[in-house]
Amino acid sequence: MAARDIVIPADAGAVAIVDLDAIAENFRLIQATCPGADVGAAVKANAYGLGVGPVTATLAGAGCTTFFVATPAEGLQLRASDLTAEIVVLNGPEPGNIPAFHEGRLTATLNSLPQIETWRTARDTAPEDTADAWLHVDTGMNRLGIGRRELETLIADPTRFDGIRISTILSHLACADTPDHPMNTAQRDLFVDVCERLAPVIGPARTSLANSSGVFLGPEYHFDMVRPGASLYGIRPSAPQPNPMKQVVEIYTKILQLRDVDTPMTVGYGAAHQVTGTRRIATLAAGYADGYPRAAGNTAATKEGSSMCAFIDGQAAPLAGRISMDLITIDVTDVPAELCHPGQTVELLGPNVTADDLADAAGTIAYEVLSGLGPRLHLEYQGGTS
Ligand SMILES: *Cc1c(COP(=O)(O)O)cnc(C)c1O
């Protein structure tokens, strides 16, 4: 897709173009990387900001039969799209949200002794065909999951699982994006050990450890199912290595106004960008409310100015000054004049800037950039079955 072919709707400031075929391709690449494992897909947070409906339909079409969400509300929303696949709710059940699990045929992840007890009580009222539960064991993340002491309690008292069938044991890697980190092997070894110790208590269960980055740590991390999210959406699995995933998201905005600044002056809030000499400034119709990270512009943290650029037909134009809620200012002095006019399409993410590049410039991660894409951004889909 060439940027010059993209027209921003007159009533919108910016569009995000989501390439559904690229998502399907990324799914198949992960399948090929893990030939012995099933591939489930993390579609929490509105499929990392890209639109859970189209993204999930695409992945289901590619053969995905397990989807991960964070909350029961996300699970219900997904079930309402007539998805027949298993929907696993990672944050687990609470006494007040059991009806949502039952109504949506949602699979509970049991993260703690209280959640196991909540689910055990709930089984009395559960519909016949409600899915089995998953058990999350902590192996070093210290966030969610059954910890060491809780594990001993469960092994000593298997009646806590009465009426519950655990289909899958999962754990989550803390440092998988750093392949050489010693946490990876330590967590893997502990996971194998915990699964072996649980086997007599819960019976045969599948096992799952790897997120996106874990997929690329090698076959000894794949177990029965891998759980990628980020890499399906094009985010790099590991910073030091080349990104094997296809780019999924491009974001375009347009020029609203141009001005030539020929006396020493500043641009934008906080007078954070000083113009010297004669410069041409373009004001773009997108800002942090659309999800463009404010920290990518001139901030206290980037006193020297931002290193991030927008692109006009492939020509770089550095950000100039702070990102506003609805506007971005860029320096287009070095961009050919015929490309600089109101209405001109400008690439914020695309062939020249990945979500990882933008995140690096903003001191964050691409996960936050994508999941922070604003509701005002006009989402368009390309490819897919629809
Ligand atoms: C979000 C999440 C994933 C997916 O992680 P990515 O790094 O996006 O691939 C997998 N497992 C759990 C438990 C998660 O919370």
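Being a predicted model, the structure only gives us computed values, none of them experimental. (Residues numbered from 1 in each chain as written. Predicted model: local features only at pLDDT ≥ 70, side-chain atom pairs only at ≥ 80, totals over all residues. Heavy atoms only, no water.)

Side note on the pairing of strand β8 (residues 166–170)
(1) Moving on: Burial within β8 is extensive, with 5 of its 5 residues counted as buried.
(2) Moving on: The sheet contact formed by strand β7 (residues 133–136) and β8 spans 4 bridges and is parallel. Within β8, the residue paired with Trp134 across the bridge is Thr168.
(3) Moving on: In terms of handedness, the path from β7 via helix α7 (residues 148–156) over to β8 forms a crossover that is right-handed.
(4) Moving on: With helix α8 (residues 182–202) bridging β8 and its parallel neighbour strand β9 (residues 206–208), the resulting β-α-β unit is right-handed. (Buried < 20%, exposed > 50% of the residue type's maximum accessible area, 1.4 Å probe, protein only. Helix = DSSP H or I, 4+ residues; strand = E, 2+ residues; numbered from the N terminus. Pairing = 2+ DSSP bridges. Right-handed = clockwise from strand over helix to strand, strands pointing away.)

Details of the pattern of salt bridges
Any two side chains of opposite charge can pair if their charged atoms end up close together.
(1) Moving on: Inspection of the entire model under this criterion finds 12 salt bridges.
(2) Moving on: One salt bridge in this structure joins Arg197 and Glu152, with 2.8 Å as the shortest N-O distance. Here the residue Arg197 occupies a position in helix α8, and Glu152 occupies one in helix α7, the gap between them amounting to 45 residues.
(3) Moving on: When its relative accessible area of 32% is taken as the criterion, Arg197 is described as partly exposed. (Salt bridge = Lys/Arg side-chain N within 4 Å of Asp/Glu carboxyl O.)

Describing the packing of aromatic side chains
(1) Moving on: Tallied over the entire structure, the rule returns 5 aromatic pairs.
(2) Moving on: Residues Tyr48 and Tyr367 carry aromatic rings whose centres are separated by 6.0 Å and whose planes lie at 40 degrees to one another, so their mutual orientation is tilted. Here the residue Tyr48 occupies a position in helix α2 (residues 44–48), and Tyr367 occupies one in helix α11 (residues 366–371), the gap between them amounting to 319 residues.
(3) Moving on: For Tyr48, a relative accessible area of 7% corresponds to the buried category.
(4) Moving on: With 5.5 Å between their ring centres and 70 degrees between their planes, Phe101 and Trp119 make a pair best called edge-to-face. Of this pair, Phe101 sits in helix α5 (residues 98–103) while Trp119 sits in helix α6 (residues 113–122), and the two are 18 residues apart along the sequence. With respect to class, Phe101 is no different from Trp119; both count as buried.
(5) Moving on: One aromatic cluster in this structure is built from Tyr48, Tyr233 and Tyr367. (Phe/Tyr/Trp six-rings, centres within 6.5 Å; stacked < 30°, edge-to-face > 60°.)

Section: the site of the ligand
(1) Moving on: In the vicinity of the ligand, the residues found are Ala42, Lys44, Tyr48, Leu90, His172, Asn211, Ser212, Arg227, Pro228, Gly229, Ala230 and Tyr367.
(2) Moving on: Tyr48 is positioned such that a nitrogen or oxygen atom in its side chain is 2.5 Å from an oxygen atom of the ligand.
(3) Moving on: Asn211 has a polar side-chain atom sitting 3.0 Å from an oxygen atom of the ligand.
(4) Moving on: Coverage of the ligand by the protein amounts to 92% of the 390 Å² it exposes when considered alone. (Near = heavy atom within 4 Å. Polar contact = N/O pair within 3.5 Å; in protein donor to acceptor, adjacent residues only side chain to side chain. Areas by Shrake-Rupley, 256 points an atom, 1.4 Å probe, with all protein chains shown as cover.)

Concerning the domain arrangement of the protein chain
Frequently, the measure chosen for interface size is the accessible area that the parts lose on association.
(1) Moving on: Looking at the assigned domains, one finds that the protein chain contains domain 1 (20–233) and domain 2 (249–382).
(2) Moving on: Counting from both sides, the interface comprises 11 residues of domain 1 and, opposite them, 8 residues of domain 2.
(3) Moving on: Buried area between domain 1 and domain 2, summed over both chains or domains, comes out near 830 Å², and the portion from carbon and sulfur atoms is 66%.
(4) Moving on: Among the residues domain 1 hides against domain 2, the three largest losses belong to Leu20, Tyr48 and Leu50. Together they make up 51% of the total.
(5) Moving on: Counting across the domain 1 and domain 2 interface gives 2 residue pairs in polar contact (both at pLDDT 80 or more).
(6) Moving on: Looking at the side of domain 1 that touches domain 2, the elements with two or more residues in it are α1 (20–33) and α2.
(7) Moving on: Residues that form the side of domain 1 that touches domain 2 fall into these classes: 7 nonpolar, 3 polar and 1 charged. (Domains from an automatic or database assignment. Contact = heavy atoms within 4.5 Å. Buried area = accessible area lost by both parts, 1.4 Å probe. Nonpolar A, V, L, I, M, F, W, Y, C, P; charged D, E, K, R; others polar.)

Looking at the packing of α1 against helix α3 (residues 52–61)
(1) Moving on: Two elements in contact, α1 and α3, have axes separated by 9 Å at closest approach and are oriented at 45 degrees. Between α1 and α3, the crossing angle belongs to the class labelled oblique. Crossing geometry of α1 relative to α3 is assigned as right-handed. The segment α1 lies against α3, with Leu20, Ile23, Ala24 and Phe27 engaging Pro54, Val55, Thr58 and Leu59.
(2) Moving on: Classifying every residue of the contact of α1 with α3 gives 7 nonpolar, 1 polar and no charged. (Axes fitted to C-alpha atoms, helices over the stretch in contact; angles between N-to-C directions. Parallel < 35°, antiparallel > 145°, perpendicular 65-115°, else oblique. Left-handed = near helix turned anticlockwise from the far one by under 90°.)

Focus: the nonpolar core
A general tendency of soluble globular proteins is for nonpolar side chains to be buried together.
(1) Moving on: Counting 111 residues, the largest nonpolar core has Val43, Leu59, Tyr233 and Ile330 as the members making the most contacts within it.
(2) Moving on: Summarising the domain contributions, this core has at least three residues from each of domain 1 (20–233) and domain 2 (249–382). (Core = buried A, V, L, I, M, F, W, Y, C linked by side-chain atoms within 4.5 Å.)

Digging into the packing of α7 against α8
(1) Moving on: Two numbers describe how α7 lies on α8: the axes approach to 10 Å, and their chain directions differ by 20 degrees. Here α7 lies roughly parallel to α8, going by the angle between them. For the pair α7 and α8, the sense of crossing is left-handed. Contact with α7, carried on its side by Arg148, Leu151, Glu152, Leu154 and Ile155, involves Leu190, Val194, Arg197, Leu198 and Val201 of α8 and no other residues of that element.
(2) Moving on: Class assignment for the residues of the contact of α7 with α8 results in 7 nonpolar, no polar and 3 charged.

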